[in-house]
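Inside the fold
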Amino acid sequence: MQFKTVIEPFRIKSIEPIQFTTRDDHLASLQRAKYNLFGLHGDEVLVDMLTDSGTGAMSNQQWAGMLLGDESYAGSRSFYKFEAAVQDITGFKHVIPTHQGRAAERILFSIIAHPGCVILNNNHFDTTRANIEYVGAEARDLVIEEGHIPGLIHPFKGCMDVELLRQTIREVGRDNIPLVMLTVTNNSGGGQPVSMANIRAVSEVCHEHGLPFFLDACRFAENAWFIKTREDGYRDKTPLQIAQEMFSYADGCTMSAKKDGLANIGGFLALNNDDLAMQCRNLLILTEGFPTYGGLAGYDLEAVAQGLREVLDEHYLEYRVRTVAYLAEKTVSAGIPIIQPPGGHALFIDAKAMLPHIPVYHYPAQALAIALYLEGGIRGVEIGSVMFGKPHPDGTETPAQMELVRLAFPRRTFTQSHIDYVAEVLTYIHSIQEDIRGVRITWQPPFLRHFTAHFEPL
Ligand SMILES: *Cc1c(COP(=O)(O)O)cnc(C)c1O
């Protein structure tokens, strides 16, 4: 008998109690945090779905591995385990550890990007875009048209528009494009996967023009699972084989091990080009650490090395993707609009469609994220005009294309009843949606404003 229930592929050996809080507590916390959910204390949150980054539970094998960590400054044994795990999956010649993904991005872009040049991607993640813009370059998104339509079902909405890529190379000129990236899965575009066919096609166009092609590989294992289950010809391949093929088309990658590394901290930059790798290592030594630890402890390298093996387990990936789909089904049956189909690491609620009475310049997704916390103690994150809107000197703003609230799933952390609770709260908020008001920004910093901006309900 083939049973249908997809169970959590682990038992719980160590637990972390949740702090229970009331609606009055939530209101007081919101006022203190200036209605920015990044300003809340962890203990003020009942179900924290702010991010899936570094928030997962490690396995007994990972904790055991941490005791084996070799803290040698140079040539740590743990580094060679880490390097072998990364090379086994990616095949890249040079593996440069970093303390997290954005450190890999900063090192890469401060070497290859400069004012006037353009980096192309399906959708740049916020730290990627910020690191590119910080060095004066432009970050341009070339996701396929379908990727802009939240309700549209398409198996690989994270793909890059290959024709638009060719056109952009013609317009901008290949000499002004230091690098083309594909983010797998496409986090800012709704956690949507990129097909193998698209990775191959983008790679071909890049190599025709002599352009380096990198993956932003944070969720490479989830992307591999979507390829296995949705793309012809991959059903019988293992997630490892699929991941290896994905990386085989690229010249390098940036990675946050806080995602599909199943670790609480860590990342890497991996690449084939010897000269670029040397420059990256030199900068690494200046700002992160010696190339065999890159700002990480030996035990962190152990946790990532083990995590990279566990993340490709089929039972894990099936459970992971099924959990998000389960919440999506409950949300849709409550009549709440979401990005379809649901992504690999998060549910993205379409706040513009759910709260049509709030104009985009009153940040409907921020308003919805605040309501989720106020009513249910659930912390999600706005991915809309607060994060991606472009403020102009005259005080006006170009809004983001979509106004989303992302409920991210920490890996191996919540059980099905946590998810049932989230669905119940969402359903309640949908029933009171007309009472939800927009917000205005009362203070903002010049970069990555969503982390620290202050808001006021209207
Ligand atoms: C998280 C993330 C990053 C940055 O990684 P950090 O470890 O948070 O610095 C880059 N790109 C994508 C797609 C991400 O999801």
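Figured I'd write up the structure that's included with this text. (Residues numbered from 1 in each chain as written. Predicted model: local features only at pLDDT ≥ 70, side-chain atom pairs only at ≥ 80, totals over all residues. Heavy atoms only, no water.)

Focus: the site of the ligand
- Around the ligand, the structure places 15 residues, and the nearest of them are Arg102, Asp216, Arg219, Ser256 and Lys259.
- A distance of 2.7 Å separates a nitrogen atom of the ligand from a polar side-chain atom of aspartate 216.
- Separating an oxygen atom of the ligand from a side-chain N or O atom of arginine 219 is a distance of 2.8 Å.
- Protein chains shield 98% of the accessible area of the ligand, which is 380 Å² for the free molecule.
- Those elements that place two or more of their residues in the shell around the ligand are α4 (101-112) and α5 (126-134).
- Ranked by the residues each element gives to the shell around the ligand, the list is headed by α4, at three residues.
- Within the shell around the ligand, the residues separate by chemical class into two nonpolar, seven polar and six charged. (Near = heavy atom within 4 Å. Polar contact = N/O pair within 3.5 Å; in protein donor to acceptor, adjacent residues only side chain to side chain. Areas by Shrake-Rupley, 256 points an atom, 1.4 Å probe, with all protein chains shown as cover. Helix = DSSP H or I, 4+ residues; strand = E, 2+ residues; numbered from the N terminus. Nonpolar A, V, L, I, M, F, W, Y, C, P; charged D, E, K, R; others polar.)

Some words on the side chain of histidine 124
- Along the chain, histidine 124 turns up in the loop between β3 (118-121) and α5.
- Leave out the neighbours within four places in its chain, and histidine 124 touches Ile119, Arg129, Ile132, Ala139, Arg140, Asp141, Ser188 and Phe388. (Contact = heavy atoms within 4.5 Å.)

Some remarks on the packing of aromatic side chains
- Counted by the stated rule, this structure contains eleven aromatic pairs.
- Seen in terms of ring centroids, phenylalanine 82 and phenylalanine 268 are 5.9 Å apart; in terms of plane orientation they differ by 85°. Their pairing is edge-to-face. Separated by 186 residues along the polypeptide, phenylalanine 82 in helix α3 (residues 77-90) and phenylalanine 268 in strand β8 (residues 267-271) bring together distant segments of the chain. Considered together, phenylalanine 82 and phenylalanine 268 belong to a single accessibility category, that of buried residues.
- An aromatic cluster is built from Phe79, Tyr80, Phe82 and Phe268, whose rings are joined through pairwise contacts.
- Over the ring of phenylalanine 125 we find lysine 259; its NZ or CZ atom is 5.4 Å from the centre of that ring. (Phe/Tyr/Trp six-rings, centres within 6.5 Å; stacked < 30°, edge-to-face > 60°. Buried < 20%, exposed > 50% of the residue type's maximum accessible area, 1.4 Å probe, protein only. Lys NZ or Arg CZ within 6 Å of the ring centre and 35° of its normal.)

In short, shape yes, function no, at least from these values alone.
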